[in-house]
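# Per-entry structural report
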Amino acid sequence: MFANLPYLAVATLTVIGLSTVLLKRNLVKVTMGLNILTSAVNLLIIVLGYREGGIAPIYTLAPQTYMVLPTPQALCLTSIVIGVATTALLLSFTMVIYRKYGTVNVDEIRELRE
Amino acid sequence: MALTLSTGSGFWNPVVWLIAIAFVLLVVYLLWRQGEAGYNRGSAQVKPFISGNPEPAKKAVQMPASNLYWGFTEALSGYYARVIPAHTGIVTDYLLWVLWVTAVLFLLVVIT
Amino acid sequence: MIPQFLWDHAPAMAVAVPLLAAFVCPLVGKYTATGRKAWVLLAAAATSALALFTAWRVYTLGTWVYVFGATVPALSVPPDSGGIPIRIIFEVDAMSALMQVIVAIVGFSVILYSLSADGKRSGLEAYYTLFLLLIASIVGMVSTGDLFNFFVFFEISGLASAGLIAYRVEAGRAVEAGLKYFVVSTLGGIFMLFVIAILYGQYNALNIAMLAERMQFTVLDKIALVLIIGALATKAGAVPMHFWTPDAYALAPSSVTALLVVASQASLYGLFRFTFTLYHLSLNAATVGWVLILLGVFSMFVGVTMAIPQKDVKRLMAYHAISQTGYMLLGVGTGLAVLGNQGMLDAFGRMAIAGGIFHIINHALYKGLLFLTAGAIIYRVGTRDMNRMGGLGHKMKWTMIFFMIGALAIAGIPPFNGFASKLMIYESVYLFNPVLAIIAMVVSILTLASFVKVFHSIFMGPQLPEYEHVKEVPAPMLLGMGILALLVILFGLFPQQVVDLLITPAANALLDQSGYIASILGGA
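Presented here is a report on the structure given in the accompanying data block. (Residues numbered from 1 in each chain as written. Chains lettered and ligands numbered in written order. Predicted model: local features only at pLDDT ≥ 70, side-chain atom pairs only at ≥ 80, totals over all residues.)

### Here we look at the overall build of chain C
Scanning chain C from N- to C-terminus turns up 19 helices and two strands. Taken over C-alpha atoms, the radius of gyration comes to 22 Å for chain C, in line with the 24 Å a tight globule of 524 residues would show. The dimensions of chain C, computed from C-alpha atoms along their principal axes, are 75 × 60 × 45 Å. Considering chain C as a whole, with its 524 residues, one finds that 66% of them fall into the buried category. In chain C, the share of contacts with a sequence separation of at least 24, taken over all contacts with a separation of at least 6, comes to 82%. (Helix = DSSP H or I, 4+ residues; strand = E, 2+ residues; numbered from the N terminus. Rg over C-alpha atoms; globule rule 2.2 N^0.38 Å. Buried ≥ 20, exposed ≤ 12 C-beta atoms within 10 Å, placed from the backbone. Contact = placed C-beta atoms within 7 Å.)

Shown next as structure tokens:
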């Protein structure tokens, strides 16, 4: 059970993120929901690289034991940076929409439809 | 240089088609030349003839784009009454559709 | 005559040159505006030349494997790695080369068009930076042989496109369109990241060839397949995930829209690459093929029926882009559905895949042309609403001719290129299932009907008094449109040449998974 705890955390975060994105009506909350989803998948990537009893993957002065996989950590860093840029752009879009439309409610931002 | 596109069960040669069309257009031109040669520009011969009634303003006879296919949209009104409201314009509905399709694909591919 | 540097490094330079030029662009633009235009044009020309050179070399000499950071660019499996390709590898096979040809042609034409169409707006440093970034990301998406690299380029293209769509704020509507596009694109990116996590966690590899070799079709792989189809079909604009497409394509500047079409096709390329090369026969070809076919049929039908009642000209064309994407999905889906059955594959499967792929390049050409003509009309008239346009054919003759060429091509009228690829799709899909071919033909007729409506309401009719001042558009815009129109006519007149030189190698490369793996892993 304990070994599966990270995967349960990933599943919980995914469900929270998806429900935020689908059910909330405020554009800022939708953006944060996407951020939570990104965090969930970053956590999944890092957890998949973990090896039981492993140390950090640094060669300098390292004892002779298992290391955790470094590639997922690199993937996760790239993904975090992409997530930052994504969130920044979505929030700046939200700001401009608020300035022009006066609302951040997704039900009312419907100028383009059908 | 092969000029014929061959699909597995047929063929299509655009250059031969163009030559055939050119021939047809030549025949059309020769027939057109048999017509009346001269006319007076600027006289009543070039104005539209609407049984002697005065011609309305240009704006009044323009058929706007929304009305051009009224018969088609009216005939398919049952279909359009369902599909057009589905395009709500709400961004969370867009995401809901993506997730629904992924769920259906999940049922089709993973479970069966 | 061609420098050795290009022979070694052209695939990487095709991504590096627009990337570098994008970031130098604001610096150049700080001093001269004309200098910025010249810089952007030079960068676009250089990118197109590099992409065309890469494509030429791949078509003549075979798959090009380029390894980043190795001592020799072709050293994909270093001797001390234990038989694993450890670096980021670009693998340009014939299908990637075809996409690079598309990006080269359309990218150069739209930059030429955009120099005069968007030349008088403000904020142009950011605009051209994002434009060149979008071109770089599309070239990267189609060349890469690495799963995570594909994801990174996918996200770059999403970010750059979102910024470009929202460029003309237009009282908030363009920003709303950019927001909708970007939210959907981000969800697609998250799905793709899940797929990377699943596949990496199982097989400890990110290289597509390595994954293809190690693929056993476990339940987790099935989940990954479903997620990746969902993500990439959404970005390609397949119904019922197409809702972002009309909003985004209508409100972006027209040159950006033409390039967004190519970006959607790069996502479609990704879909084909993952289903054909990564999974190949390990997946249940009949089911997944029928999934693609059904997505294609819905896209065709819903796309064209939603297009007919539209009154915004670019929104109508965006629905047609969805509809034509359905043709590509139908053709290639038919090929995928018969992948396990060698007899049917040889009888009509290859022809269906070739028809679908031919339709990709034809669609990029004539849809780009149509969006550029729509942009030309909007440039002069100032509105996108067709109810207020009329009689423009009196003054804008060249635009009218280009529009006619594009409209006849998209409707599949001989002798243009649309007819050639649609004929291939009709005949091969008819042998698979006649109902699908009949639906495709009906959709083609409705496409013609819809474009007759557009043509009549914009160009025909009496000269309206409020459009007395309208003249023809400036020369760079006409030149950009002219390049695409010329190619539409040439591809229509000589389809067998195009199929032999460009399409058949691409279709064979898509079907040949062992060749793809052998190029990187050395025939092991």
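### Thoughts on the interface of chain B and chain C
Interface size, as often reported, equals the accessible area lost upon joining of the parts. Taken residue by residue, the interface counts 39 residues in chain B and 52 residues in chain C. Listed by contribution, the elements that provide at least two residues to the side of chain B that touches chain C are β1 (5-7), β2 (10-12), α1 (14-33), α2 (70-75), α3 (77-86) and α4 (91-111) of chain B. Looking at the side of chain B that touches chain C, the element that brings in the most residues is α4(B), giving twelve residues. The class makeup of the residues in the side of chain B that touches chain C is 27 nonpolar, ten polar and two charged. (Nonpolar A, V, L, I, M, F, W, Y, C, P; charged D, E, K, R; others polar.)

### Here's the deal with the environment of L345(C)
All names here are of chain C. Along the chain, L345 turns up in helix α13 (residues 342-381). Assessed through the 19 C-beta atoms surrounding it within 10 Å, L345 is described here as partly exposed. Each C-alpha atom of the pair L345 and V499 lies 18 Å from the other, and the pair is 154 residues apart in sequence. Contact partners of L345, with chain neighbours within four places excluded, come to V338, L339 and R350.

### Quick look at the nonpolar core
All names here are of chain C. Core analysis: the largest hydrophobic core is formed by 266 residues, its most contacted members being L98, L132, I165, L369 and V488. With 20 residues, the single largest contributor to this core is helix α6 (residues 173-203). Aside from chain neighbours lying at most four places away, what touches L132 is P18, A21, A22, C25, V40 and A43. (Core = buried A, V, L, I, M, F, W, Y, C linked by C-beta atoms within 7 Å.)

### Quick word on the environment of A352(C)
You can see A352(C) is positioned in helix α13. In this view, A352(C) contacts G331(C), T334(C), G335(C), I425(C), S428(C) and V429(C); residues no more than four positions away in its chain are not counted.

### Comments concerning the interface of chain A and chain B
Facing the nine residues of chain A at the interface are nine residues of chain B. For the side of chain A that touches chain B, the per-class residue count stands at five nonpolar, no polar and four charged.

### Description of the environment of T103(A)
Residues and elements named next belong to chain A. Inspection of the secondary structure assignment puts T103 in the segment after α3 (71-101). A C-alpha to C-alpha distance of 9.2 Å links T103 and L27, two positions 76 residues apart in sequence. When sequence neighbours within four positions are dropped, the list of residues in contact with T103 reads E108 and I109.

### Remarks on the packing of α4(B) against α6(C)
In contact at an axis separation of 10 Å, α4(B) and α6(C) are set at 30° when each is read in the N-to-C sense. Relative to α6(C), the element α4(B) lies roughly parallel. With respect to the hand of their crossing, α4(B) and α6(C) are arranged in right-handed fashion. Counted together, V91(B), Y94(B), L95(B) and V98(B) of α4(B) and L179(C), K180(C), V183(C), V184(C) and L187(C) of α6(C) form the full contact between these two elements. Its residues assigned to classes, the contact of α4(B) with α6(C) comprises eight nonpolar, no polar and one charged. (Axes fitted to C-alpha atoms, helices over the stretch in contact; angles between N-to-C directions. Parallel < 35°, antiparallel > 145°, perpendicular 65-115°, else oblique. Left-handed = near helix turned anticlockwise from the far one by under 90°.)

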